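# Architecture and fold: a report
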Amino acid sequence: MKRFTLSVVAVVAMGTFAMAGGDIEMPVEPVVEAVAPAAVSNSGFYIGGAYSLVNSETDYQRDNYNNNNLYNQYGGTYDGDYDAFMLQAGYQFNRYVAIEGRYWNSISQFSENEWYRNAGQETQSYGEWSFGDFKAWGIYLKPIYPVTEALNVYTLLGYGKVKSDSNYWYSYSYTSLDENGFQWGLGASYGITENVSLFLDYVQLCNGVDVSYTEESGNYKYVYSWDHSIYTVNLGLNYKF
C-alpha cells in the first residue's frame, strides 16, 4: 500500500512539473559572430619627395674643318653626377594601378671625363669640376604588384622632358639638352604605417639622345655633337591621404 501511495505521489508530482514548467527550456549560450577587420583602402591621392642621384653620360665630339677639309677633332665621354631633389604626386585607383607625376631639380654637379684630340692620336683622362643645371619632369602610368600587405613592386611607363646645361672647363665644351620623350622605371615601396611608405626606384629619363649644331667663320667650320643618356636613383617617402 505504501509503495502504491508513493507511486501515485511521484506521478502527480511529475504531472505538476510538466504543467507548470512545460515551456521552460535549458539555457543556450549565445552565438558570437566574428567581425572581420575593416579593409585598408588602396585608393586615393598621395604626395612625396626624395633625394635623387642623377647620372648623365655624354659622348662629345667637335670636328674642325678648313675649306671643308677635316684637320682636327676634339671629343670624349663625360660622366656627370648630380645631387637632386624629386617631388611627386599621384592617384592610386586600386591596389594594382596608379598614375603619377614627378619633378626633378639639381642641387650640385660633378663630372669626370675621358677625352681625345687630334683625330684620336692622344687620349687622356681627367677628373674635373663642371658647373651646370639639370631639370626634368614626367607623368607615368604605374602598374603595381603587391608582394605582401606592406611590400609592393612597381614599374613606371610614361612621357617627360629633360633639360641639362653644362660647361666643362678643361676642354671648353658646352652641352645643352632640351628633349621630350619616353621614360621608364622600376622600383619598390614598403608601408611603414597605413599612410606613409618608403620607396626606392630607378628611372631612365633619356637614352641615346643626339644633339648637334654647326658654327662657321670664313673658311672654318666647327661641327659639335653630343649623345646623352640620363638616369636617376631615388630614395624617398610618400604620404597617402
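Quick summary incoming for the structure in this document.

So, about the overall build of the protein. Of regular secondary structure, the protein possesses 1 helix and 9 strands. Element order for the protein, N to C, with α for helix and β for strand: α-β-β-β-β-β-β-β-β-β. The burial tally for the protein puts 34% of its 241 residues in the buried class. Contacts spanning at least 24 positions in sequence make up 65% of the contacts within the protein whose residues lie at least 6 apart. Summed over all atoms, the accessible surface of the protein reaches about 15,000 Å², with 60% contributed by carbon and sulfur.

Turning our eyes to something else, we now look at the pattern of salt bridges. Within this structure, the stated rule accounts for 5 salt bridges. Glu100 is paired through a salt bridge with Arg102; the nearest N and O atoms lie 2.6 Å apart. Each member of the pair Glu100 and Arg102 is classed as buried. For the salt bridge of Arg102 with Asp201, the shortest nitrogen-to-oxygen distance reads 2.5 Å. Residue Arg102 is found in strand β3 (residues 97-117), and its partner Asp201 is found in strand β8 (residues 196-217); the two are separated by 99 residues along the sequence. Since its relative accessible area comes to 3%, Arg102 is described here as buried. Salt bridges sharing partners connect three or more residues here, namely Glu100, Arg102, Lys142 and Asp201.

One pass over the full model with this rule turns up 7 aromatic pairs. Ring plane angle 75° and centroid distance 6.1 Å describe the contact between Tyr71 and Tyr220, whose orientation is recorded as edge-to-face. Residue Tyr71 is located in strand β2 (residues 69-92), and its partner Tyr220 is located in strand β9 (residues 220-240); the two are separated by 149 residues in the primary sequence. Accessibility expressed as a relative area gives 36% for Tyr220, which makes it partly exposed. Seen in terms of ring centroids, Tyr82 and Phe134 are 5.4 Å apart; in terms of plane orientation they differ by 35°. Their pairing is tilted. Placement of the pair is Tyr82 in strand β2 and Phe134 in strand β5 (residues 130-146), with a sequence separation of 52 residues. Residue class for Phe134 comes out buried when judged on its relative accessible area of 0%. A connected cluster of aromatic rings, assembled from ring pairs, spans Phe45, Tyr91 and Phe93. The cationic tip of Lys142 hangs over the ring face of Tyr154; the distance from NZ or CZ to the ring centre is 4.4 Å. If you follow Lys221 out to its NZ or CZ, it ends over the ring of Tyr65, 5.2 Å from the centre.

Calculation notes
In this convention, every chain numbers its residues from 1, walking through the sequence in written order. Reporting in this predicted model follows two pLDDT cut-offs: at least 70 for local features of residues, and 80 or more for side-chain atom pairs to be given and counted; totals over whole chains, interfaces and linings ignore these cut-offs and use all residues. Only hydrogens and water are set aside; all other atoms, that is, all heavy atoms of the structure, feed into the side-chain values. Helix numbering and strand numbering both begin at the N terminus, where a helix is a DSSP run of H or I of at least 4 residues and a strand a DSSP run of E of at least 2. Summary of the burial criterion: residues with accessible area below 20% of their type's maximum are buried, those above 50% are exposed, and those between are partly exposed, where the area comes from a 1.4 Å probe applied to protein chains only. Residue contacts are defined here by distance: any two heavy atoms, one from each residue, within 4.5 Å place the two residues in contact. Per-residue accessibility takes into account occlusion by the displayed protein chains alone, with areas from the Shrake-Rupley method and a 1.4 Å probe. Definition used for salt bridges: Asp or Glu carboxyl oxygen within 4 Å of a side-chain nitrogen of Lys or Arg. Two rings from Phe, Tyr or Trp (for Trp, the six-membered ring) form a pair when their centres sit within 6.5 Å of each other. Planes less than 30 degrees apart are called stacked, planes more than 60 degrees apart edge-to-face, and all others tilted. Only lysine NZ and arginine CZ atoms are considered, and such an atom sits over a ring when it is within 6 Å of the ring centre and within 35 degrees of the ring normal.

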